[in-house]
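# Structural features, examined
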Amino acid sequence: MKTIRPLSFPALVATALLLAGCVNVGHHNPVDQASNPSGLDFTNVSARRPDFREPFLRDGVVTRPAGFRQITAGLTPEQVRQALGQPLQEQGGPRGKEWDYNFKFLIPQSANYLVCQYKVVFDTAGTAVRDTVWRRRQCQDLVASAR
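Everything numeric in this text was worked out from a predicted model, so none of it was measured.

Counting secondary structure elements, the protein contains three helices and five strands. Ordered by position from N to C terminus, the α and β elements of the protein give α-β-α-β-β-β-β-α. Across the 147 residues in the protein, those meeting the buried criterion constitute 27%. Working note: accessible area of the protein is about 10200 Å², and carbon and sulfur atoms make up 55% of it.

A separate point is helix H3 (residues 137–145). Within the span of H3, buried status applies to Cys139, Leu142 and Val143. Buried residues in H3, looked at end-on, bunch into an arc of 95°, giving them a common side. Counted as exposed and oriented over 90 degrees from the buried face of H3: Ala144 and Ser145. The inward-facing, buried residues of H3 contact strand E3 (96–106), strand E4 (113–122) and strand E5 (129–134).

Once that is clear, we can look at a nonpolar patch on the surface. On the surface, a cluster of nonpolar side chains totalling about 290 Å² of accessible area is made up of Val62, Leu106 and Tyr113. Considering the arrangement of structural elements, one finds Leu106 in strand E3.

Now for helix H2 (residues 77–84). Looking only at H2, the buried set comprises Pro77, Val80 and Leu84. Buried residues of H2 fall within an arc of 60° about the axis and therefore sit on the same side. Each element contacted by the buried residues of H2 is listed here: E3, E4 and E5. Directly after H2, the chain includes Gly85, whose backbone phi takes a positive value near 90°.

Parameters at a glance
- The written sequence of each chain sets the order in which its residues are numbered from 1.
- Whole-chain, interface and lining totals are the exception, using all residues; otherwise, since this is a predicted model, local features are given only for residues with pLDDT of at least 70 and side-chain atom pairs are given and counted only at 80 or more.
- Neither water nor hydrogens contribute to the side-chain values; these are computed over all heavy atoms in the structure.
- Each helix is a run of H or I in the DSSP string that is no shorter than four residues. Each strand is a run of E no shorter than two, and both are numbered from the N terminus.
- Under the scheme applied here, a residue whose accessible area is under 20% of the maximum for its type counts as buried, over 50% as exposed, and between as partly exposed, the area being computed with a 1.4 Å probe on protein chains only.
- Per-residue and other accessible areas were derived by the Shrake-Rupley procedure at a 1.4 Å probe size, with only the shown protein chains allowed to occlude residues.
- Think of it as the arc spanned by the lines of direction from the helix axis to the C-beta atoms.
- Every residue pair with non-hydrogen atoms within 4.5 Å of one another is taken to be in contact.
- Patch members must show over 30% relative accessible area and no salt bridge, and they are joined within 9 Å when carrying like charges or within 5 Å when they are nonpolar side chains of Val, Leu, Ile, Met, Phe, Trp or Tyr.
- Salt bridges are defined as contacts in which a side-chain nitrogen from Lys or Arg sits within 4 Å of a carboxyl oxygen from Asp or Glu.

These values are about where atoms sit, not about what they do.
In structure tokens, the structure reads:
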């Protein structure tokens, strides 16, 4: 029979720190200078146990990444709507009116899709695009490398 010895104090502290890192103390949007330099917020998906039967908790419109290059500063809301369709959500944000979209891109050399959250930020008057932001840098990279 094997005897189990108690952990030493340093091993106990290391184990506690490791476990503390596994606990979700709150989700934060990725913020980096390339994809979300202003630290704008995106909505999260939450699921209860019965919802796990759903194939996707967040879905998007299948779209070609190259089309997003035409969304540039200065476009009117109507031009954005014609190019991207109706936003999933419209709200006021710290830099102006924000339109949120969910799109789905085919991952290159794969049969899988990546759901991407995209935000269009308008000037304070709400008449022209100020900025666009991807929640995930992978989505921004797919658009940048698309032909």
